[in-house]
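Architecture at a glance
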Amino acid sequence: MQHLSLAARLVTSTVLGLVLSTPTLAADAIKIGVVTFLSGPAAGPFGVPARSSAEMMVEAINAGKIPGGYSKKGFGGTPIEIVVIDEAGGTTKQVEEYRNLVQRQGVDMVIGYVSSGDCLAVAPVAEELKKFTILFDCGSPRVFEEASYKYVFRTGAHGAMDNIGAAMYITEKMPGIKNYAGINQNYAWGQDSWADWDASMKALNPNVQVTTSQMPKIGAGQYGAEISALLSSNSEVIHSSFWGGDLESFILQAGPRDLFKKSIPVFIAGEHVLNRIPAQMPEGAIIGARGTHGPFAPDTELNRWFKKAYSDKFLLQPIQASYKMAQALLGVKSAYEKAQAANGDKAPSQDQLIAALENHSWEGPSGKVMMNLGKGHQATQGIAFGRVKKVNGKVTLVDIKNYPAEKVNPPEGVKSVDWIKSGFKAK
């Protein structure tokens, strides 16, 4: 296959016609299916930044322009091309799209999925079709805590650390906290987030009380009744794993009703809305970025390059989804080249790539990534939180606290909830 131009490499529709996949990786060009939201409420805050990052990273990887040990062009000298698919439409549609990518478009691997529901639905299909698949973003711990996979990896940390880290931050900054409430979406990510937060807060603060837990459906958009319940609860803190349009809508509706003057919000994944609705961001809100992404990323050569390359190309600062897509691509690149070196400098098979990524570690723009959970298929990283402060009308983060990976992730073989309930004891 001739090395295609970027315009020819970016495809957003499913092509008909069966293409049989093979157990080895292509030697002339490596074709990657990239799945992320291109439409719907999650597109702006997550999907489009992830796609933009994928486009930029593919160009830079193929040109050999990435610093920090990533200067070899392509994956071990082989160019990569991407086929981009819209994640919108729900789990049934995504399973169908996944099958199309593998069986009809003949991709060598798939990197994708923001939604926890989509990850939980697609992972068993990847095993069925025996296709190397990277989950780059979705947060539900259930993926690897309730199942074991050969072909599926997640190169970003799961959501338990978001809630454990947030509980540790609140406990440190608000000693003696008496109560808290929650508003989370009623699906895997929201349910898991609330369960982990609730258990962590009770493990760290045995006398703390829950005032109310609101669970509206994902994409509800209107939160008048939930805001009334939260106002009546007189809670010191409100935990929320809302993201995208739901988070923006909640902030825009709750702010004028003075909810954030009565209660401190903890937005565990809220970093991505800081630049979208800066004027409406509540002063003192506690913000996370699902890891050390965005404003929490380390000052390294790789991160400086990533931020400049992204902002120069798109005139925007990269956010957590952008970082996590870059992290996934660099993880696969480094594992591919590791497998290639062990294979006499020849293109590795899919099984050799899988073996190379298991228990692998590499440096991303957000810092070190370690595949040390889920039998080497689940990544861990550290996490950070900070408070919103407005200076001369500009939103910034203060009181930033970093928590290392081993502080906020369970040991291998231990479920997050069990680890939390044990009081975070080592295995």
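Small disclaimer: the values here were computed from a predicted structure and weren't measured. (Residues numbered from 1 in each chain as written. Predicted model: local features only at pLDDT ≥ 70, side-chain atom pairs only at ≥ 80, totals over all residues. Heavy atoms only, no water.)

Describing the overall build of the protein
- Counting secondary structure elements, the protein contains 15 helices and 15 strands.
- Principal-axis analysis of the C-alpha atoms gives the protein an extent of 65 × 45 × 40 Å.
- Taken over 427 residues, the protein has a buried fraction of 59%.
- Sequence separation of at least 24 residues holds for 70% of the intrachain contacts in the protein that already meet a minimum separation of 6. (Helix = DSSP H or I, 4+ residues; strand = E, 2+ residues; numbered from the N terminus. Buried < 20%, exposed > 50% of the residue type's maximum accessible area, 1.4 Å probe, protein only. Contact = heavy atoms within 4.5 Å.)

Thoughts on empty space enclosed by the protein
- Enumeration over the complete set of coordinates arrives at one cavity of 30 Å³ or more.
- Each pocket or cavity is described by its volume, and for the largest cavity that value is around 100 Å³.
- Looking at the largest cavity, the residues that line it are Phe46, Val114, Ser116, Asp137, Cys138, Gly139, Tyr187, Trp189, Trp243, Ala269, Arg290 and Gln320.
- In terms of residue class, the lining of the largest cavity is made up of seven nonpolar, three polar and two charged. (1 Å grid on protein atoms, 1.4 Å probe; cavity = no way out; pocket = protein on both sides within 12 Å on 5 of 7 lines; lining within 4 Å. Points joined across faces, edges and corners; volume = space filled by probe spheres on them. Nonpolar A, V, L, I, M, F, W, Y, C, P; charged D, E, K, R; others polar.)

A short note on the confidence of the model for the protein
- In the predicted model, the protein carries a mean pLDDT of 92, and 93% of its residues have values of at least 70.
- Below a pLDDT of 50 lies the segment residues 1-24, which in the model reaches 51 contacts outside its immediate sequence neighbourhood of four places, other chains included. (pLDDT = per-residue confidence, 0-100.)

Topic: unusual backbone geometry
- Backbone geometry at Lys130 places phi at a positive 55°, although glycine is not the residue there.
- Counting through the fold element by element, Lys130 comes out in the loop between helix H4 (116-129) and strand E4 (133-135).
- Assessed through its relative accessible area of 49%, Lys130 is described here as partly exposed.
- The backbone of Arg290 shows a phi angle near 60°, a positive value even though the residue is not glycine.
- Within the secondary structure layout, Arg290 lies in the loop between strand E10 (286-288) and helix H11 (301-314).

A short note on the pairing of strand E11 (residues 361-364)
- Burial along E11 is one-sided: the face carrying Trp362 and Gly364 is buried and the face carrying Ser361 and Glu363 is not.
- Direction of pairing for E11 relative to strand E12 (residues 367-373): antiparallel, over a ladder of four bridges. Its bridge partner being in E12, Trp362 is matched across the sheet by Val369.
- The turn linking E11 back onto E12 is made up of two residues. (Pairing = 2+ DSSP bridges.)

A closer look at the sheet that holds strand E8 (residues 237-240)
- Spatially, E7-E6-E8-E9-E10-E14-E15 is the arrangement adopted by the seven strands of the open sheet, whose pairing is mixed. For this open sheet the edge positions go to strand E7 (209-214) and strand E15 (394-403), each flanked by a neighbour on one side alone. In this sheet, adjacent strand axes meet at a mean angle of 25° when their direction is disregarded.
- Where E8 and strand E9 (residues 264-267) come together, four bridges link them in parallel fashion. By the bridge assignment, His239 is partnered in E9 with Val266.
- Packed on one face of the sheet, helix H8 (residues 224-233) meets strand E6 (179-183), E7 and E8 and runs near 170° to E7. (Axes fitted to C-alpha atoms, helices over the stretch in contact; angles between N-to-C directions.)

Details of the packing of aromatic side chains
- In the structure shown here, the tally under the stated rule is 17 aromatic pairs.
- Seen in terms of ring centroids, Phe260 and Phe267 are 6.1 Å apart; in terms of plane orientation they differ by 85°. Their pairing is edge-to-face.
- Owing to a relative accessible area of 14%, Phe260 belongs among the buried residues under this scheme.
- Here Phe267 falls in the buried class, since its relative accessible area comes to 1%.
- With a centroid separation of 5.1 Å and an interplanar angle of 80°, the aromatic rings of Trp419 and Phe424 are classed as edge-to-face. Residue Trp419 shares its accessibility class with Phe424, and that shared class is buried.
- Among the aromatic residues, those joined into a ring-pair cluster are Tyr223, Phe242, Phe250, Phe260 and Phe267. (Phe/Tyr/Trp six-rings, centres within 6.5 Å; stacked < 30°, edge-to-face > 60°.)

Quick word on the layout of surface pockets
- One number sums up the size of the largest pocket: a volume of about 390 Å³.
- What lines the largest pocket is a set of 17 residues, and nearest its centre among them are Leu274, Asn275, Gly294, Pro295 and Gln317.
- Contributing elements (two or more residues each) for the lining of the largest pocket: H11 and E15.
- Of the residues forming the lining of the largest pocket, the biggest block, five residues, is contributed by E15.

Some points on the packing of H11 against helix H12 (residues 320-342)
- Running from N to C, H11 and H12 cross one another at 120°; their axes reach a closest spacing of 12 Å. When the interaxial angle is binned, H11 and H12 end up oblique. Helix-helix and strand crossings are classified by hand; for H11 and H12 the assignment is right-handed. Each of Leu302, Asn303, Phe306, Lys307 and Tyr310 in H11 lies in contact with H12, whose residues at this interface are Ser322, Tyr323, Ala326 and Leu330.
- In terms of residue class, the contact of H11 with H12 is made up of six nonpolar, two polar and one charged. (Parallel < 35°, antiparallel > 145°, perpendicular 65-115°, else oblique. Left-handed = near helix turned anticlockwise from the far one by under 90°.)

Comments concerning the nonpolar core
- Ile32 and Met57 are the most contacted members of the largest nonpolar core, which totals 85 residues.
- Per element, the largest residue contribution to this core is 11 residues, and it comes from H12.
- Each residue touching Met57, except ones within four places of it in the same chain, is listed here: Ile66, Trp305, Phe306, Ala326, Leu329 and Leu330.
- Membership of the second largest hydrophobic core comes to 27 residues, among which are Phe242, Met281, Ile287 and Val388. (Core = buried A, V, L, I, M, F, W, Y, C linked by side-chain atoms within 4.5 Å.)

Comments concerning the environment of Gly423
- Secondary-structure assignment places Gly423 in the segment after helix H15 (416-421).
- For Gly423, a relative accessible area of 41% translates into the label partly exposed.

Remarks on H12
- Relative to the 33 Å expected for 23 residues at 1.5 Å per residue, H12 spans 33 Å between its end C-alpha atoms, a close match to the ideal helical length.
- Burial runs high along H12: 20 of the 23 residues are buried. (Expected span 1.5 Å × (residues − 1).)

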